[in-house]
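Structural features, examined
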Amino acid sequence: SVALTASQPPALPDVPEWDQKELLRAERDAIGFFITGHPLDKYERDLKRFADATTADLRKREQQAKVKIGGVILTLKLKNSKKGDRYATFNLEDRWGAVEVIAWPETYRKYEAVIHSDEPVCVSGSLEVSEERCQVIADEVTSLLEAREKSVKQVHFALRAERVNEDHLRTLRSTLTQHRGSCIAFLHLLLPNRTETVIALPPDLKVAATERMVEDVERLLGNGVTSFQ
């Protein structure tokens, strides 16, 4: 008889772990949907500010209604009109489904960089609904990140006072100095059974309302402590 010996599994290469964006894109490319999350998960605050519809709402809206809907661009196709002008069609997907969007030549030329950016967007346009299909004719396609950074004037951090010490505040200051911008920052100290104390941080701690700033602060102080106005 021949003795069988267990073979050692091949050594895996030592490579950096994918970030969330790369992981979600790989999931979508491989199996057609997202597993570990959705690209819109970290844009919840922004969707509440800029969008007034979801894909689940659209068939309830009137024909030619103006809508603003956030999502990620999938199955982008470029086509030529009869005049030879380039335009784009794509599926805009949110957590509830997807809707077909058409960006006619003028809109496509104006927002071409955003459409090809692979970042979550907010599409503003007119709704066209029939028994066979539901479409949005885009007037504007804006990056959710850019829309936030242009519109936000204040950044607020809400903290439980009993959980904050001098080291936390010192580290927070150091973190904010790495994300300088135009937004006034406010610290809300929440006291048990009492009204909160609101502190406007000094002008040298004005910050940028970026996702990286939120990630750095909430890694220090906990998820959900940041809000925008």
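Residues numbered from 1 in each chain as written. Predicted model: local features only at pLDDT ≥ 70, side-chain atom pairs only at ≥ 80, totals over all residues. Heavy atoms only, no water.

Glancing now at helix H6 (residues 211-221). Among all positions of H6, only Glu211, Met213, Val214, Asp216, Val217 and Glu218 are buried. If you follow the buried residues of H6, they end up packed against helix H2 (44-50), helix H4 (144-151), strand S6 (154-160), helix H5 (166-176) and strand S9 (226-228). Phi turns positive, to about 110°, at Gly222, one or two residues after H6. (Buried < 20%, exposed > 50% of the residue type's maximum accessible area, 1.4 Å probe, protein only. Helix = DSSP H or I, 4+ residues; strand = E, 2+ residues; numbered from the N terminus. Contact = heavy atoms within 4.5 Å.)

By size, the foremost hydrophobic cluster in this structure holds 22 residues, and its most contacted members are Leu58, Leu92 and Val123. Put simply, the parts of the chain that give this core at least two residues each are strand S1 (66-80), strand S2 (86-94), strand S3 (97-103), helix H3 (105-115), strand S4 (121-129) and strand S5 (134-143). Leu92 has contacts with Thr55, Ile69, Gly70, Gly71, Val72, Ile73, Gly97, Ala98, Val99, Val101, Val121 and Val123, leaving out every residue within four places of it along the chain. Grouped together as the second largest cluster of nonpolar side chains are 19 residues, Val152, Leu176, Ala185 and Leu205 included. (Core = buried A, V, L, I, M, F, W, Y, C linked by side-chain atoms within 4.5 Å.)

With that settled, the discussion passes to the pattern of salt bridges. Inspection of every chain in the model, using the stated rule, returns 8 salt bridges. For Glu100, the salt bridge is made with Arg133, and the minimal N-O distance between the two is 2.7 Å. Here Glu100, found in strand S3, pairs with Arg133, found in the loop between S4 and S5; they are 33 residues apart in sequence, far enough to count as distant. Residue Glu100 is classed as partly exposed on the basis of its relative accessible area, which comes to 22%. You can call Arg133 partly exposed: its relative accessible area is 43%. Residues joined by salt bridges that share partners form a network here, namely Glu166, Asp167 and Arg170. (Salt bridge = Lys/Arg side-chain N within 4 Å of Asp/Glu carboxyl O.)

For the rest of this paragraph, the subject is the confidence of the model for the chain. The predicted coordinates of low-pLDDT regions are not to be read in fine detail. Considering every residue of the chain, the mean pLDDT works out to 84; 83% of them sit at 70 or more. Here helix H1 (residues 20-31) stands out as the element of the chain with the lowest mean pLDDT, 51, in contrast to H3, whose mean of 96 is the highest. (pLDDT = per-residue confidence, 0-100.)

It is worth spelling out the sheet that holds S4 at this point. Spatial ordering of the closed barrel is given by S1-S2-S3-S5-S4, a layout of 5 strands whose pairing is mixed. Strand-to-strand twist across the sheet, computed as the mean angle between neighbouring axes with direction ignored, equals 50°. Where S1 and S2 come together, 7 bridges link them in antiparallel fashion. Looking at the pairing, Ile73 lines up with Leu92 of S2. (Pairing = 2+ DSSP bridges. Axes fitted to C-alpha atoms, helices over the stretch in contact; angles between N-to-C directions.)

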